[in-house]
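# Descriptive analysis of the structure
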Amino acid sequence: MYTVSNLKLLIDKQEEIDAIYQNCKELNKTIVTPKMNAEVEKLFDAINKRLVEQGFTVTVTPTGLLANYKEAVVNIDKHSKDLEECFFINFNNYAEDRLSIILEIKHNNNAQKNANHEDGFSEFLQQMSEKLNNAKNLQDASRIANLIYKSQNNVTFYSAEEVVNYYFN
């Protein structure tokens, strides 16, 4: 039922959600972004080392790496998104894969599901509870800042070494 007290409840939930997202922004600046930058460097260093070991001449570009061996070319190009670093790995223009370093977010669903909405308010309350739960999941993930790698085919890697072994062996 739409009442003033119900409206106040929705506003209070929205304020809590906004506060959590503001905290997430700070956590991203202080924890996630520095860790993401370090992981990108670790990946580039590992790829560079592996390609040099295999006889490639590696050139560092502003957005990645370019490796040549006779007529073989490996191009790795980085593009940044919010909470994600994307890499396009191109092998002689024959094959390309997309690899992303992302923040691992565990989806704990603490919101109660009520499929039988008796009125519009309970549906709004359910949506707000889901938004609040998603905000809390992001906040928890930002505090831990556990990064994982995912390919465009949903192959998950947990370290730069796993990525290098998968793509460059």
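The present account deals with the structure reproduced in this document.

## Observations regarding the pattern of salt bridges
- Per the stated rule, a full pass over the model turns up nine salt bridges.
- Between glutamate 85 and lysine 78 there is a salt bridge, with its nearest N and O atoms 3.4 Å apart.
- Note that arginine 98 and glutamate 84 form a salt bridge whose closest N and O atoms lie 3.0 Å from each other. Of this pair, arginine 98 sits in strand S5 (residues 95-103) while glutamate 84 sits in strand S4 (residues 84-91), and the two are 14 residues apart along the sequence.

## A closer look at the nonpolar core
- Residues Leu43, Ile76, Leu99 and Phe168 are the most contacted members of the largest nonpolar core, which totals 38 residues.
- For this core, the secondary structure elements donating two or more residues are helix H1 (4-53), strand S2 (64-69), strand S3 (72-81), S4, S5, helix H2 (120-144), strand S6 (147-151) and helix H3 (160-167).
- The element contributing the most residues to this core is H1, with twelve residues.
- Sequence-distant contacts of isoleucine 76, that is, excluding residues within four places in its chain, are made with Phe44, Ile47, Thr63, Gly64, Leu65, Phe87, Phe88, Ile89 and Phe168.

## A word on the environment of isoleucine 105
- Relative to the assigned elements, isoleucine 105 resides in the loop between S5 and H2.
- Residues contacting isoleucine 105, with those up to four places away along its chain left out, are Asn137, Leu138 and Ala141.

## Let's talk about the pairing of S2
- Of the pairings in the sheet, the one linking strand S1 (residues 57-61) to S2 comprises five bridges and is antiparallel in character. Paired with valine 60 across the two strands is leucine 65, which belongs to S2.
- Where S1 hands over to S2, the hairpin turn is made up of two residues, counted between the paired strands.
- In this structure, S2 lies alongside S3, joined through six bridges in antiparallel fashion. Within S3, the residue paired with leucine 66 across the bridge is asparagine 75.
- Counting the residues in the hairpin turn of S2 and S3 gives two residues, including lysine 70, whose phi is positive at 50 degrees.

## Comments concerning the packing of H1 against H3
- Remark: H1 packs on H3, axes separated minimally by 9 Å, with the N-to-C direction vectors making an angle of 35 degrees. The element H1 and its partner H3 pack so that their crossing is right-handed. Of H3, the residues touching H1 (which contributes Glu39, Lys42, Leu43, Ala46, Ile47 and Arg50) are Ala160, Glu161, Val163, Val164 and Asn165.

## What to know about unusual backbone geometry
- Non-glycine residue alanine 145 carries a positive phi angle of around 55 degrees.
- You can see alanine 145 is positioned in the loop between H2 and S6.
- Located in the positive-phi region is asparagine 154, a residue other than glycine, with phi close to 65 degrees.
- With respect to the element layout, asparagine 154 can be found in the loop between S6 and strand S7 (156-157).
- Here asparagine 154 falls in the exposed class, since its relative accessible area comes to 57%.

## Focus: the sheet that holds S2
- Taking strand neighbours across the sheet as the criterion, the seven strands line up as S1-S2-S3-S4-S5-S6-S7 in an open arrangement whose pairing is antiparallel. Only two strands of the sheet have a single partner each, and these edge strands are S1 and S7.
- Sheet topology places S4 next to S5; eight bridges connect them, and they run antiparallel. Pairing of glutamate 84 across the sheet is with isoleucine 102, part of S5.

## A few points about the side chain of aspartate 97
- Within the secondary structure, aspartate 97 sits in strand S5.
- Salt bridges are absent for the buried aspartate 97, whose nearest opposite-charge side chain, arginine 98, sits at 8.0 Å.
- One polar contact links aspartate 97 to tyrosine 167, side chain to side chain, over a distance of 2.5 Å.
- Setting aside residues no more than four positions away along its own chain, aspartate 97 makes contact with Phe87, Phe88, Ile89, Ser151, Gln152 and Tyr167.

Procedures and definitions
- Residues numbered from 1 in each chain as written.
- Predicted model: local features only at pLDDT ≥ 70, side-chain atom pairs only at ≥ 80, totals over all residues.
- Heavy atoms only, no water.
- Salt bridge = Lys/Arg side-chain N within 4 Å of Asp/Glu carboxyl O.
- Helix = DSSP H or I, 4+ residues; strand = E, 2+ residues; numbered from the N terminus.
- Core = buried A, V, L, I, M, F, W, Y, C linked by side-chain atoms within 4.5 Å.
- Buried < 20%, exposed > 50% of the residue type's maximum accessible area, 1.4 Å probe, protein only.
- Contact = heavy atoms within 4.5 Å.
- Pairing = 2+ DSSP bridges.
- Axes fitted to C-alpha atoms, helices over the stretch in contact; angles between N-to-C directions.
- Left-handed = near helix turned anticlockwise from the far one by under 90°.
- Lys, Arg positive; Asp, Glu negative; His and termini not counted.
- Polar contact = N/O pair within 3.5 Å; in protein donor to acceptor, adjacent residues only side chain to side chain.

These figures capture arrangement, not role.
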